[in-house]
Amino acid sequence: MANAQANTKVVHAVCSHDCPDSCGVLVTVDTLTDRAIKIQGDPAHPVTRGFLCGKVAKYLDRVYSPDRMLYPMRRRAGVRKGPLPQGKEVDAFERISWDEALDTIAQRLQSIADAHGPESILPYSYAGTIGQLGYGSMDRRFFHRLGASQLDRTICASAGGAALTSVYGVKLGVEPQSYAHARYIIAWGANIHGNNIHLWPFIEQARRNGAKLVVIDPYKTRTAALADWHIAIRPGTDTALALGMMHVILRDGLQNDDYIARCTHGFDDLKQHVLQAEYAPENVSQITGIPAQDIERLAREYAHAIPSAIRLNYGIQRSENGGAAARAVLMLPLLTGAWMHQGGGVTLSTSGSFPFNSAKLQMPELMKSSPLGRDARIVNMSQLGQALTALNDPPVKALFVYNSNPAAVAPNQNAVLEGMAREDLFTVVHEQFFTDTADYADILLPAGTFLEVKDTQGAYGHLYAQLNTPAIAPLGEAKSNVWLFGQLAQRMGFSEDCFHDTEDDLIAQAYDTRHPFFQGITPERLALEGHIRLNLPEGLPFSSPDWFRTPSGKGEFSSIALEAEGSDALPTFHPAQESRLGPQAAVYPLEFLPRKADNYMNSTFANLAGHQKLECGRIGILELHRTDADLRGIASGDDVEIFNDRGSMTLTAQVDGTVPQGVVAARLSWNKTHSRGQGINLLTSERLTDIGGGATFYSTLVEVRKSCV
């Protein structure tokens, strides 16, 4: 792209970080030095609209950080695996060439496969990049052909995804621009101002036109502080609230009978279910901590408003009853017929609307060519601690980490770190920085940022496909996932031609589909236009049965498929084992919210000084309600111990009104950025969600006491 400034060019890129916004990005490059000198949002992108979030606006600090890992390295002889002081990690490693790194990895993986079977090798990755190529293409081909254990990637969104497809059959929702037409907006477990910022202008436009914004969240987030009404629900009780709203809507005849008859399945069963006394507002109040009159008011306001929209985020599905919670909330617009009006409905994810040819990218059929000659076993990533310390037949003997930092983000951290510290575990980490996970590596490999690799992606918060063009050459010897796993496959003697595919080959394969949503969308068009909206059918989403992809062909209140799997056919509230209503509350009476930091992306950006400054010193802080603090003799500034059966850590108390009574909260970061080198996932469990096999970070009980240290 031409630029008026001499010796510069502007390149269209796409932010590939794990965010619903998938921003169109313009990168200005000094062509004399091949250095990016400016990054900004693409003003032509209908959602990005010319601005970036605070995280990515400072992205050049990340790209050009002096702490970037730029060369392959191996652990020095005699250096044990474990935490390393920030800034001193390089002392534990020595630089090697890519040839030596690839040969070492290939030889070690082969010897491990020969001795223990290929399933003793475990890949571990998630959404460090959500580009189609970086997230899942050549890497999957490699591990399929190797016969390695397959990773069930559940840590973020699997329960909510299962809920969404069970109700609608497709991951689709209200697109951001339509929120401007809503008259009533519920942000349910959605900190829009913190992690979906490009939706915010459309909500503000709706509010200027008279819309009301309601936030349902246990924590007083940035968004809650700006809302018209903040409802501080108890963690893990969202199912009960949604069913209580349904109780009021059906009791008072506020449902849309015409829409229900045309577009839904299982209504009679749902009606009988939710009109039970269990879900009457006065009983739901006892579960959720929300006054009964507020439940009545919320249900009536939501049902009467035309149109009404719900921005549901993944927080509510990270509890033991999380799948049911997401299902229940997702059903609310089916009851009221909100989908009949522009700006009405619900958004959780739009990712399933993008029909990329993932089968062609990932080639699962290669497992048949592996030494196993069959599909390999599946390991749930939310139970990595168990996999590394208890899994047998065979045990995990090699761990290959990319696009993730499990030493910080995986639950039951003590077990995870115990497993990663095993000297008999061969660990490879492909990374941009010396993360907590990198401290446990045998081989470290430098990875590129999205400014340095070519890729394509959709989004899970809007409907535009985009192409990411590299703006600069990779720094140092950083390499893409595609290059790494293609080269490694060739070193291991895999003779299939697919391991020679380039990024351009893979992008062409991603769009090689006859799906009507991608009709007319090609890599060539994307190279010229940057972003192209999906070709969706005419009309409003889910305004007619034509939109649903469920077994019944309608929106499903009752799911035979889930019932066949042993789950509830209808969403039902069950108290979490780790909740104030569960059996452990007598020992650990406080519910713990291990929150994401507002200015990091999970653990990404946590090591950068500029982003740390934006967090305003809240890392290492435990937020408490005054009643809970007074009961324990705790004041702001005190060192406190937070603990349960899985571990304990020391934080600094802050009594500030951000959490309701009975709830405490702390923020995720790198372990090594905490003054005491601890991470909040010391306290979370590997228990799984009711459906989808997801992580249950927000079903965690703890106790807190003033530290004696």
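Preceding this paragraph is the structure being described.
A few points on the structure. Residue numbers restart at each chain and count upward from 1, following the sequence in its written direction. Reporting in this predicted model follows two pLDDT cut-offs: at least 70 for local features of residues, and 80 or more for side-chain atom pairs to be given and counted; totals over whole chains, interfaces and linings ignore these cut-offs and use all residues. Note that water and hydrogens are dropped before the side-chain values are worked out from all heavy atoms of the structure.

**Remarks on the packing of helix 5 (residues 158–168) against helix 14 (residues 322–336)**
- Inter-axis angles, ranging from 0 to 180 degrees, are taken between N-to-C directions of lines fitted to C-alpha atoms, where helices are fitted over the stretch in contact. Helix and strand assignments follow DSSP, with helices taken as H or I runs no shorter than four residues and strands as E runs no shorter than two, numbered in order from the N terminus. As a packed pair, helix 5 and helix 14 sit with axes 8 Å apart at the nearest point and diverge in direction by 35°. Our pair here, helix 5 against helix 14, has a crossing hand that is right-handed. Of helix 14, the residues touching helix 5 (which contributes Ala 159, Gly 160, Ala 163, Leu 164, Ser 166, Val 167 and Tyr 168) are Gly 323, Ala 326, Arg 327, Leu 330, Met 331, Pro 333 and Leu 334.
- Each residue gets one label: Ala, Val, Leu, Ile, Met, Phe, Trp, Tyr, Cys and Pro are nonpolar, Asp, Glu, Lys and Arg are charged, and the others, such as Gly, are polar. Residue classes in the contact of helix 5 with helix 14 are distributed as 10 nonpolar, 3 polar and 1 charged. Should the near helix be turned counterclockwise from the far one by less than a right angle, the crossing is left-handed, whereas a clockwise turn marks it as right-handed. By definition in these notes, contact holds between two residues if any of their heavy atoms fall within 4.5 Å.

**Overview of unusual backbone geometry**
- Each neighbour pair has its own omega, and for Ile 306 with Pro 307 the value is -5°, a cis peptide bond.
- Summarising the element assignment, Pro 307 is placed in the loop between helix 13 (292–304) and strand 12 (308–312).
- The residue after Asp 393, namely Pro 394, is reached through a cis peptide bond having omega -5°.
- Positive phi outside glycine occurs at Asn 7, with the angle close to 60°.
- Tracing the sequence through the fold places Asn 7 in the segment before strand 1 (8–14).
- With a phi close to 55°, Asp 34 is a non-glycine residue in the positive phi region.
- Its place among the elements puts Asp 34 in the loop between strand 2 (24–30) and strand 3 (35–41).

**Thoughts on the nonpolar core**
- Here, the term nonpolar core denotes a set of buried Ala, Val, Leu, Ile, Met, Phe, Trp, Tyr and Cys residues that are joined through side-chain atoms within 4.5 Å. Buried residues are those whose accessible area, probed at 1.4 Å on protein chains only, stays under 20% of the maximum for their type, while exposed residues exceed 50% and partly exposed ones sit between those limits. In this structure, Phe 142, Trp 188 and Leu 451 are the most contacted members of the largest nonpolar core, which totals 231 residues.
- When near neighbours in sequence (up to four residues on either side) are disregarded, Trp 188 contacts Ile 216, Asp 238, Leu 241, Ala 242, Met 245, Ile 310, Arg 311, Leu 312, Asn 313, Ile 316, Val 329 and Leu 332.

**A look at the environment of Leu 682**
- Note that Leu 682 resides in the loop between strand 26 (663–667) and strand 27 (701–706).
- Sequence separation between Leu 682 and Gly 315 is 367 residues, and the spatial gap between their C-alpha atoms is 19 Å.
- The residues touching Leu 682, leaving out its near neighbours within four places in the chain, are Gln 413, Asn 414, Arg 646, Gly 647, Ser 648 and Met 649.

**Describing the pairing of strand 12**
- Among the 5 residues that make up strand 12, 5 are buried, leaving the element largely enclosed by the rest of the structure.
- In terms of strand pairing, strand 8 (residues 184–188) meets strand 12 through 5 bridges, oriented parallel. Paired with Ala 187 across the two strands is Arg 311, which belongs to strand 12.
- As paired elements, strand 12 and strand 13 (residues 345–347) share 3 bridges and run parallel to each other. Bridging across to strand 13, Ala 309 finds its partner in Gly 345.
- Since strand 12 and strand 13 lie parallel, the crossover through helix 14 that links them has a hand, and here it is right-handed. Pairs of strands are assigned from DSSP output, requiring at least two bridges between the strands. The definition of a right-handed crossover adopted here requires that, viewed with the strands pointing away, the path from the first strand over the helix to the second runs clockwise.

**Some words on the sheet that holds strand 3**
- The strand order 1-2-3 describes an open sheet built from 3 strands, whose pairing is antiparallel. Pairing within the sheet leaves two strands with one partner each, and these edge strands are strand 1 and strand 3. Within this sheet the neighbouring strands show an average axis-to-axis angle of 25°, counted without direction.
- Where strand 2 meets strand 3, 6 bridges bridge the pair, whose relative direction is antiparallel. Within strand 3, the residue paired with Val 29 across the bridge is Ala 36.

**Remarks on the environment of Arg 183**
- Note that Arg 183 resides in the loop between helix 5 and strand 8.
- Judged by relative accessible area, which is 39%, Arg 183 ranks as partly exposed.
- For the pair Arg 183 and Val 702, spaced 519 residues apart in the sequence, the C-alpha separation amounts to 40 Å.
- At 2.4 Å, the side chain of Arg 183 forms a polar contact with the backbone oxygen of Asn 209. Nitrogen and oxygen atoms within 3.5 Å of one another constitute a polar contact, given that in protein one can donate a hydrogen and the other can accept it, and given that sequence-neighbouring residues count only through two side-chain atoms.

**Details of helix 5**
- Counted residue by residue, helix 5 has 9 buried out of 11 residues, so it is predominantly covered.
- All of the buried residues in helix 5 are Ser 158, Ala 159, Gly 160, Gly 161, Ala 163, Leu 164, Ser 166, Val 167 and Tyr 168.
- Contacts made by the buried residues of helix 5 are with helix 14, strand 13, strand 21 (555–556) and helix 22 (560–564).
- Taken from the residues just after helix 5, Gly 169 is the one with a positive phi, measuring 85°.

**Focus: the pairing of strand 17 (residues 443–446)**
- Side-chain alternation along strand 17 places Ile 443 and Leu 445 on one buried face and Leu 444 and Pro 446 on a second face that is also buried.
- Both strand 4 (residues 73–75) and strand 17 contribute to a ladder of 2 bridges, which runs antiparallel. When the bridges of strand 17 are listed, Met 73 appears paired with Leu 444.
- When strand 16 (residues 426–431) meets strand 17, the two strands line up parallel, connected through 4 bridges.

Everything listed is a geometric property; what it means functionally is a separate question.
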